[in-house]
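Understanding the architecture of this molecule
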Amino acid sequence: MTRPAVLQAVVGFVLLLNSVVGASRDHAVCDRIKTELGNNTVEPTESSYETLSTENWSQTVWAKPSCIVQPSSNEELSYVLTTLADRKVKFAVRSGGHSVVPGAANINGGALIDLQKFNAVEYDADKSVAVVGSGLRWKEVYAQLDPYNVTVVGGRVVDVGVGGLTLGGGLSYLADLYGLVCDNVVNFEVITAAGKVINANEETNPDLFWALKGGANNFGVVTRFTLKTYPIHDVWGGVRVYSLDALPALFDAMYEYQMVGNKDPYANIMLQAFPTNATIGAILNMVYLKPEESPEAFAPFQNIVPLVDMTKLQTLTELQSAAPLPELTRVNWFSSSFKTDRDLFKTVSEIVSSGPELDNIKNLTAGSLAFGWQPISSSAVLKGRAHGGNALGLEAVNQTWLVLDVGWWSPEDDELANNYTQSMINRIDEAAKSSNNYVDYIFMNDAAGDQPVFEHYGAENVEKLKGTAAKYDPNGVFQHLASGGFKLP
């Protein structure tokens, strides 16, 4: 055997040995945790393991952890975190499992910490806040608050988990009135890698308070969010469905809607279209946060005749519940941001509705692409600053956060599906840059795992985030052991 061949064999053996040792260690630690927590720890031999390990929305992030731990108290979670950190066992943390980023909410080997038992909602009418467990989904939060005729700045898709959306920034139909979801957190209850329970708010640990508003899972595990509540209950809105032929008119109307200098903050809208599926066509989500029919803010869209009009007076929870998560097999998404410009809108609309990549995606088994056109007004950014600011580094201008959602069937097509969609997002970014309309921001909640989200927060903000992580997690547990999701550069 030649020397290179011998070296290669030795390296292979060492890697295999490390893998075996690591797996053995993981299972031993899982056994130890199960001894302490009992039924709150699920191992691969148990009947509920398969369901829990594949609970994540997209199959691209299904995994096989050595155990799934479901702590029901701060004390239990503290024990789990310190045990994993002391023994250098990797782990992931799951709130709702909607993320498509590998490793963010599931893991192969190691431990998956499932927060579903942090599921309480406590409403304090005197303080106009709700304390919300991080294992909840938004539909559960809204249902608990509806009897009081109040709501929170939360997710637009009710099956999404509270934790990931909030720590990634979070977009809401209430954003123009009150800022992003993260901007409306009054207090984060956090458990650090050292097992310490701390609070982060304007007065206590304010640096961590700021960092958690967009800083993701880089500092600790948030167990409870104290959120501001607002007296919004009855609204007008719903969806209007159009054929794909209506897209040019819809984009023209969207430009007129977004160009308004003093936009009505009670009006919010999102355009979704499915260029690979003419049967579905285009869907306009319209929300007016008062019970007033056909408000003037939506005038640019009034002369575009829909195939179906489902707008009506209803509660905000009813409106949001009418848009459940689609049943897809494998999913990824990509994000881009740009300013409001008619020519750029036309260019982007051509890329997303007739680009050559669409035929490539359609040729994949069950290949599909949808885009979401999400107008963001300057008021949403300014409201966030008024609430103490966040880590996102946002520019206070009217802008669009575009998301491309790609779906497909087979793991064999993972690379192709991602490459085709990445090609489209690259062309959109290039068009925005060449026309001086590029916004240097990637919305984490809509970003692919390999998009450099933090690098677009700005150098100063990144340094502050890294300093905060070093202070509250000096051993880098959430950088190295909880290595999935978006990590600080």
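Counting starts from 1 at the beginning of each chain's written sequence and moves along it residue by residue. Note on the predicted model: pLDDT of at least 70 is required for a residue's local features to be given, and 80 or more for side-chain atom pairs to be given and counted; whole-chain, interface and lining totals, by contrast, use all residues. Side-chain numbers here rest on the full set of heavy atoms in the structure, without hydrogens or water.

1. Here we look at the overall build of the chain
Secondary structure elements follow DSSP: runs of H or I no shorter than four residues count as helices, runs of E no shorter than two count as strands, and numbering proceeds from the N terminus. When you go through the chain residue by residue, the secondary structure sums to 15 helices and 18 strands. What the globule rule says is 2.2 Å times the number of residues to the power 0.38, and the radius of gyration is computed from C-alpha atoms. Since a compact globule built from 489 residues should have a radius of gyration of about 23 Å, the 23 Å found for the chain is in line with a globular shape. Each of the three principal axes of the chain carries a C-alpha extent, and together these read 70 × 65 × 45 Å. Taking contacts inside the chain between residues at least 6 apart in sequence as the whole, the part at least 24 apart equals 74%. Surface exposure of the chain reaches about 20300 Å², of which carbon and sulfur atoms provide 51%. The distance from the centre of the 35 positive side-chain charges to the centre of the 54 negative ones in the chain is 5 Å. Contacts between residues were defined by any pair of non-hydrogen atoms, one from each residue, lying within 4.5 Å. Accessible surface is estimated by sampling points in the Shrake-Rupley manner with a 1.4 Å probe; for residues, cover comes only from the protein chains shown. Positive: Lys, Arg. Negative: Asp, Glu. His and the chain ends are not part of the count. A charge is said to be at NZ when it belongs to Lys, at CZ for Arg, at CG for Asp and at CD for Glu.

2. Focus on the packing of aromatic side chains
Classification of ring pairs rests on two measures: the distance between centres of Phe, Tyr or Trp rings, Trp counted by its six-membered ring, which must be within 6.5 Å, and the angle between planes, read as stacked under 30 degrees, edge-to-face over 60 and tilted in between. Applying the stated criterion across every chain, the model contains 21 aromatic pairs. Taking the centre distance of 6.0 Å and the plane angle of 90° together, the rings of Tyr255 and Phe345 count as edge-to-face. Of this pair, Tyr255 sits in helix α8 (residues 247-258) while Phe345 sits in helix α10 (residues 342-354), and the two are 90 residues apart along the sequence. Between buried and exposed lies partly exposed: a residue is buried under 20% and exposed over 50% of the maximum accessible area for its type, with that area taken using a 1.4 Å probe on protein chains only. Take Tyr255: its relative accessible area is 15%, and that puts it in the buried class.

3. Some words on unusual backbone geometry
Across residues other than glycine, the phi torsion is negative in most instances, and most of the peptide bonds are trans. The phi torsion at Asn149 lies on the positive side, around 60°, for a residue other than glycine. In this fold, Asn149 is placed in the loop between α4 (138-145) and β7 (151-152). The backbone of Ser294 sits at a positive phi, close to 45°, despite the residue not being glycine. Its place among the elements puts Ser294 in the loop between β13 (282-288) and β14 (308-309).

4. Re the pattern of salt bridges
Criterion for a salt bridge: a side-chain nitrogen of Lys or Arg within 4 Å of a carboxyl oxygen of Asp or Glu. The tally for this structure, following the rule as stated, stands at 17 salt bridges. The partner of Lys339 in a salt bridge is Glu395, and the shortest N-O contact between them spans 3.6 Å. Of the two residues, Lys339 sits in strand β16 (residues 330-339) while Glu395 sits in the loop between α12 (378-386) and β18 (399-408), which places them 56 residues apart along the sequence. One salt-bridge network, in which partners are shared between bridges, spans Glu55, Arg94 and Asp114.

5. Regarding the packing of α10 against helix α13 (residues 414-434)
Under this scheme, a helix contributes an axis fitted over its contacting stretch, all axes are lines through C-alpha atoms, and angles between N-to-C directions fall in the 0 to 180 degree range. As a packed pair, α10 and α13 sit with axes 10 Å apart at the nearest point and diverge in direction by 170°. Looking at the two axes, α10 sits roughly antiparallel to α13. When α10 is examined against α13, the residues Leu344, Thr347, Val348, Ile351 and Val352 are found in contact with a partner set consisting of Met424, Arg427, Ile428, Ala431 and Ala432. Considered class by class, the residues forming the contact of α10 with α13 number 8 nonpolar, 1 polar and 1 charged. Our angle categories are set so that under 35 degrees counts as roughly parallel, over 145 as roughly antiparallel, 65 to 115 as roughly perpendicular, and the remainder as oblique. Gly is placed with the polar residues, together with every amino acid not listed as nonpolar (Ala, Val, Leu, Ile, Met, Phe, Trp, Tyr, Cys and Pro) or charged (Asp, Glu, Lys and Arg).

6. Overview of the environment of Glu415
Tracing the sequence through the fold places Glu415 in helix α13. For Glu415, a relative accessible area of 59% corresponds to the exposed category. As for Glu415 and Asp341, which are separated by 74 residues in sequence, their C-alpha atoms are 33 Å apart.

7. Quick word on the nonpolar core
Formed by 71 residues in total, the largest nonpolar core has its most connected members in Trp138, Val141, Phe188, Leu212, Tyr457 and Leu465. Residues grouped as a nonpolar core are buried Ala, Val, Leu, Ile, Met, Phe, Trp, Tyr and Cys residues, joined through side-chain atoms within 4.5 Å. Tyr242, Leu284, Val406 and Tyr420 belong to the second-largest nonpolar core, a separate cluster that totals 47 residues.

8. Comments concerning the side chain of His456
Tracing the backbone shows His456 in the loop between α13 and α14 (459-472). Any pair of nitrogen or oxygen atoms within 3.5 Å is treated as a polar contact; in protein, a donor-acceptor pairing is required on top of that, and neighbouring residues in sequence qualify only through side-chain atoms on both sides. Side-chain polar atoms of His456 contact the side chain of Asp440, separated by 2.4 Å. Each residue touching His456, except ones within four places of it in the same chain, is listed here: Leu392, Tyr438, Asp440, Tyr441 and Ile442.

9. Some words on the sheet that holds strand β2 (residues 67-69)
Within a sheet, adjacent strands bond to each other through the backbone by hydrogen bonds, running parallel or antiparallel. Strand pairing follows a simple DSSP-based rule, namely that at least 2 bridges must link the two strands. Spatially, β1-β2-β4-β3 is the arrangement adopted by the 4 strands of the open sheet, whose pairing is mixed. Of all strands in the sheet, those with a lone pairing partner are β1 (41-42) and β3 (91-94), marking the two edges. Bridge count for β1 against β2 is 2 bridges, and the pairing is antiparallel. Residue pairing for β2: Thr41 is matched across the bridge by Val69.

10. Some thoughts on the pairing of β13
With 7 of 7 residues buried, β13 lies mostly within the body of the structure. Both faces of β13 are covered, namely the face carrying Ala282, Leu284, Met286 and Tyr288 and the face carrying Ile283, Asn285 and Val287. Taken together, the 7 bridges between strand β11 (residues 234-242) and β13 define a ladder with antiparallel strand orientation. Bridging from a neighbouring strand, Arg240 pairs with Leu284 of β13. Summarising the sheet, strand β12 (residues 267-273) and β13 pair through 7 bridges and their orientation is antiparallel.

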